[in-house]
Amino acid sequence: MNIHEYQGKALLKAHGVPVPEGVHCTSVEDALNAYDSLGSKVVAVKSQIHAGGRGKGTLFNPTSRDHVMDGGVKIAFSKDEVKTYATNILGNLLVTIQTGDEGKVVNNLYIEAGCDIAHEYYLAILVDRENKAVLIMASTEGGMDIEHVAETTPEKIHKISVDPNAGLLGYQKRDLGLDLGLQGTALKSFMKSLTSMYNMFLNNDCAMVEINPLVKTGDDQIVALDAKISFDENAEFRHKTWDELRDLSEEEDVEIRAKETGLSYVKLDGNIGCLVNGAGLAMATMDVIKLYGGEPANFLDVGGGANEEQVKTAFSIILEDPNVKGILVNIFGGIMRCDIIARGVIAATEALSLDVPLVVRLAGTNVDEGKAILAASELNIHPADDLAEGAQRIVELIGGVA
Amino acid sequence: MAIWIEEDAKVLVQGITGKQGMFHADKMVEYGTNIVGGCTPGKGGKTVELQGNPYPVWNSMFEAIQATDADATVIYVPPPFAAEAIMEAADAFDTVKGEGVVVCITEGIPTLDMVKAVAFVENRPGVRLIGPNCPGIITPGDNGGAKIGIMPGHIHAKGRIGIVSKSGTLTYEAVAQTMSIDEGQSTCVGIGGDPVNGTGFIECLAAFQADPQTAAIVMIGEIGGNAEQEAAAWAAENVTKPIVGFVAGATAPPGKRMGHAGAIISGGKGTAEEKFEAFEAAGIACAKDPSELGAVLLESLKAAGLR
């Protein structure tokens, strides 16, 4: 789960990490009041969306798609400029390298006091799956695309791995600061901020904290100028405040509904809907559809113990996508019994008066019973014995290669 | 032989009085697994009925292992308490007998809990953790066998193919593929799809290489991370038995989480393409479609003079 920059900065501030003063706004009027209350002549006007590359993004009118302004993060030197930028940003579509062409409508704005920057750094905290430990990564090349830095000048990326038994140690913080070329007051400020950021990471069950840039100010203070924070959704049960931080407008409505029913759904661009049990098999099903010339319309994992109702919901979610020209059901029954899936498929196709071709591949527990139930129905269901046959069949039925 | 779990291994069930725990404990007994009881704090002294027979429940894993000399435990504890259940089991096995296998089925454990739990287990070298978020481990026997997890027992048969996979249902697919060419399995291990887990691919490959019962290996990977690449490089140097591989997620879009928390591609790392390339570079025979695993395995067995 991702949160906005302004929310991330509030968390950082609460843990003692210095951040510039800022105000969250949802209207131009708010933004103008914020400018007055901050009392800083220079302010940053920042679009708040869950995607990177905002500064280099482009704003468009959401209906006409007319170009409005270049850059989703602007530096304003007067109240008039704040007005212009806020007007150009709010309610418009921001397209960045990470949003795809459809972009995201900006509903939130963050007005932030200007900051005297002496140097920009990069800092990230995340869980390193190879070392099975928390990893802190820093670079002197702040403000840049870190993947580019990793590729071209890997020696400029410094890493420390935190031993889960010992925690983050003083010498590690010092060494990382020295690697960044920090000394004296700035080094002390860095070590203190790093401790606070690490504590925030642990206390909030973060999946990733990325500060780009982390800056050294003219008076040698370390300040977080940006904050990209995501949480580990598995830990939601122990964080009651996440509900308030969640911006549902940033998430696909249908993906939220799927999650509420215990389904895992991700929409894709193709035209063959898939309904599968198990994440690995669901990915493999998509792969095989593509292998035989089709394009999957979605990833959908009904989980290990789906019931008739969930199967029905899964079908209705798949069919909401107007691109779907056919559906492939692929079930390897373990805990899940094939006869239950077969009944669910029949109930769903009847209730939703399905009019696209449907190929069903069943294997595993109670497979013969499941196949018999499908065969006895009057519905236009095509059986398949294995995944390859199922994928080939559905590609054929929708009229060949997409 | 088989790996880590013999077909008559004595197995405990943590969370045996819960709905999931009891359901699967019953299925395990039905398959022939030597279940010796279970553990649910606060329910010690009670019994649960599995397949018509009573099985004892203990309050703690220390008591349970002392009383039964169990070899392994399987965890069906809800996510908020699962990491602690892993650590309790690891501590108890280490203290009581210096070794044991801990299989954690639970899906949805917070990653930072697992960072702690894995470090805890690694400090106890005699203890092996399998999972979490996995189907478990099964060693099919001549008569029943040891099914420790949630996989459908009836699709398996004792044989000479070792299977290791990140995914549950895709493991079943691989099992069915071995059966389609009249081959059974020595042991099948689901290592789980979470970013931080216990036993990895390399440990499984090493164990299969050393196991006289295993003649060939099927390895099923998934997008995300680079465990598959490392395993492939390791196998090229250390495994002489034929390996057949598949990687799921070639069509998954970057940045999206595909059900398994680990199955996410960030910044172009851990793609299926990269992993297939690593497999091929290591001489692993790849199937581009899981329905072809059987055919590719048969070819590899023939090439090695095993068929």
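Residues numbered from 1 in each chain as written. Chains lettered and ligands numbered in written order. Predicted model: local features only at pLDDT ≥ 70, side-chain atom pairs only at ≥ 80, totals over all residues. Heavy atoms only, no water.

Novice: Which parts of the structure should I look at to understand the overall build of chain A?
Specialist: Within chain A one finds 13 helices and 20 strands. Dimensions along the principal axes, computed over C-alpha positions, put chain A at roughly 80 × 55 × 40 Å. By residue count, 54% of the 402 residues in chain A fall in the buried class. Of the contacts made within chain A by residues no fewer than 6 positions apart, 68% connect residues no fewer than 24 positions apart. Surface accessibility of chain A: about 17000 Å² in total, with carbon and sulfur atoms responsible for 49%. Side-chain charges of chain A comprise 35 positive and 59 negative groups, with the mean position of each set lying 4 Å from the other. (Helix = DSSP H or I, 4+ residues; strand = E, 2+ residues; numbered from the N terminus. Buried < 20%, exposed > 50% of the residue type's maximum accessible area, 1.4 Å probe, protein only. Contact = heavy atoms within 4.5 Å. Areas by Shrake-Rupley, 256 points an atom, 1.4 Å probe, with all protein chains shown as cover. Lys, Arg positive; Asp, Glu negative; His and termini not counted. Charge placed at Lys NZ, Arg CZ, Asp CG, Glu CD.)

Novice: How do you make sense of the sheet that holds strand 10 (residues 158-165) of chain B when you look at a structure like this?
Specialist: Across a sheet, strands are paired by hydrogen bonds formed along the backbone, either parallel or antiparallel in direction. Residues and elements named next belong to chain B. Across the sheet, 7 strands lie side by side as 9-8-11-10-12-13-14; this open sheet has mixed pairing. With partners counted over all chains shown, the strands left at the sheet margins are strand 9 (145-149) and strand 14 (285-286), one partner each. Where strand 8 (residues 136-140) lies against strand 11 (residues 185-190), 2 bridges are found, and the strand directions are antiparallel. Counterpart to I137 in the pairing with strand 11 is V189. Against the sheet, helix 9 (residues 293-303) engages strand 10, strand 12 (216-222), strand 13 (243-248) and strand 14, with an angle of about 155° to strand 13. (Pairing = 2+ DSSP bridges. Axes fitted to C-alpha atoms, helices over the stretch in contact; angles between N-to-C directions.)

Novice: Is there a simple way to explain the nonpolar core in this structure?
Specialist: Most often, soluble globular proteins keep nonpolar side chains buried together rather than apart. Counting 97 residues, the largest nonpolar core has B:V74 and B:M219 as its most contacted members. A per-element tally of this core places helix 9 (residues 279-291) of chain A first, with 8 residues. If sequence neighbours within four positions are ignored, B:V74 has contacts with B:V11, B:L12, B:V13, B:Q14, B:M28, B:V103, B:I105, B:I148 and B:G149. Within the second largest apolar cluster, 70 residues are counted, among which are A:F231, B:M61, B:I75 and B:A90. (Core = buried A, V, L, I, M, F, W, Y, C linked by side-chain atoms within 4.5 Å.)

Novice: Would you take a moment to explain the environment of A:E21 for this structure?
Specialist: Residues and elements named next belong to chain A. Here E21 lies in the loop between helix 1 (5-14) and strand 1 (22-25). Taking the C-alpha atoms as reference points, E21 and A10, 11 residues apart in sequence, are found 10.0 Å from one another. When residues no more than four places from it in sequence are discounted, the contact partners of E21 are K13, L38, I111, E112 and A113.

Novice: I keep staring at the packing of helix 7 (residues 227-238) of chain B against helix 8 (residues 272-281) of chain B and nothing clicks. Help me out?
Specialist: All names here are of chain B. Running from amino to carboxyl end, helix 7 crosses helix 8 at an angle of 5°, the nearest separation of the two axes being 8 Å. One way to sum up the angle between helix 7 and helix 8 is to call them roughly parallel. On helix 8, the residues touching E228, Q229 and A232 of helix 7 are E274, K275, A278 and F279. Grouping the constituent residues of the contact of helix 7 with helix 8 by class yields 3 nonpolar, 1 polar and 3 charged. (Parallel < 35°, antiparallel > 145°, perpendicular 65-115°, else oblique. Nonpolar A, V, L, I, M, F, W, Y, C, P; charged D, E, K, R; others polar.)

Novice: Explain the pattern of salt bridges here, please?
Specialist: Side chains that differ in charge, positive against negative, can pair when their charged atoms come close. Inspection of every chain in the model, using the stated rule, returns 36 salt bridges over all chains. Two residues, A:K79 and A:D36, come together in a salt bridge whose shortest N-O distance is 2.8 Å. Taken together, the residues span a long stretch of sequence, with A:K79 in helix 3 (residues 79-89) and A:D36 in helix 2 (residues 28-38) at a distance of 43 residues. On the accessibility criterion, A:K79 (34% relative accessible area) is partly exposed. A salt bridge links B:E7 to B:K158; its shortest N-O distance comes to 3.0 Å. Of this pair, B:E7 sits in the segment before strand 1 (10-14) while B:K158 is found in strand 10, placing the two residues 151 residues apart along the sequence. Exposure remark for B:E7: the relative accessible area of 28% places this residue in the partly exposed category. (Salt bridge = Lys/Arg side-chain N within 4 Å of Asp/Glu carboxyl O.)

Novice: Before we go on, may I ask you to explain the interface of chain B and chain A in this structure?
Specialist: Buried accessible area, meaning the area lost when the parts come together, often serves as the stated size of an interface. With 57 residues of chain B in contact, the opposing surface of chain A contributes 47 residues. Carbon and sulfur atoms make up 63% of the area that chain B and chain A hide from each other, which totals about 3900 Å². Where chain B packs against chain A, one counts 14 residue pairs in polar contact (both at pLDDT 80 or more). For the side of chain B that touches chain A, the secondary structure elements donating two or more residues are helix 1 (19-31), helix 4 (111-122), helix 5 (168-180), helix 7 and strand 13 of chain B. Partitioned by chemical class, the residues of the side of chain B that touches chain A number 27 nonpolar, 19 polar and 11 charged. (Buried area = accessible area lost by both parts, 1.4 Å probe. Polar contact = N/O pair within 3.5 Å; in protein donor to acceptor, adjacent residues only side chain to side chain.)

Novice: Teacher, can you tell me more about the sheet that holds strand 2 (residues 34-39) of chain B here?
Specialist: Residue and element names in this part refer to chain B. As summarised here, the arrangement of the 7 strands in space is 3-4-2-1-5-6-7, forming an open sheet in which the pairing is mixed. Each edge of the sheet is formed by a strand with only one pairing partner; in this case those strands are strand 3 (47-50) and strand 7 (127-130). Averaged over all adjacent pairs, the angle separating strand axes in this sheet is 30°, with direction ignored. Where strand 1 and strand 2 come together, 5 bridges link them in parallel fashion. Within the sheet, the bridge partner assigned to L12 lies in strand 2 and is G37. Along the sheet, helix 3 (residues 79-96) makes contact with strand 1, strand 2, strand 5 (72-75), strand 6 (100-104) and strand 7, crossing strand 6 at roughly 170°.

Novice: What's the story with the pairing of strand 2 (residues 43-48) of chain A in this structure? I'm lost.
Specialist: Regular strands place side chains that alternate from one sheet face to the opposite one. All names here are of chain A. In terms of residue burial, strand 2 counts as a mostly covered element, since 6 of its 6 residues are buried. Side chains of strand 2 alternate between two faces, with V43, V45 and S47 and A44, K46 and Q48 buried alike. Two strands pair when backbone bridges link them, and strand 2 and strand 8 (residues 108-113) are joined in this way by 6 bridges, in the antiparallel orientation. When the sheet's bridge partners are listed, Q48 is paired in strand 8 with N108.

Novice: For this particular structure, what's the right way to read the side chain of A:E210?
Specialist: Residues and elements named next belong to chain A. Considering the arrangement of structural elements, one finds E210 in strand 12 (residues 206-217). Within the local environment of E210, its side chain forms a polar contact with the side chain of Y122, the two groups lying 2.6 Å apart. Ignoring anything within four residues of it in the chain, the contact list for E210 reads Y122, L123, A124, I146, D226, A227 and K228.

Novice: How should I be thinking about the packing of aromatic side chains in this particular structure?
Specialist: The geometry of an aromatic ring pair is captured by the separation of the ring centres together with the interplanar angle, meaning the angle of the planes. Residues and elements named next belong to chain B. Evaluation of the coordinates by the stated rule reveals 4 aromatic pairs over all chains. Here R124 stacks its cationic end above the ring of F120, 3.7 Å away from the centre of that ring. Directly above the aromatic system of F276 lies the positively charged group of K288, at a separation of 4.0 Å from the ring centroid. (Phe/Tyr/Trp six-rings, centres within 6.5 Å; stacked < 30°, edge-to-face > 60°. Lys NZ or Arg CZ within 6 Å of the ring centre and 35° of its normal.)

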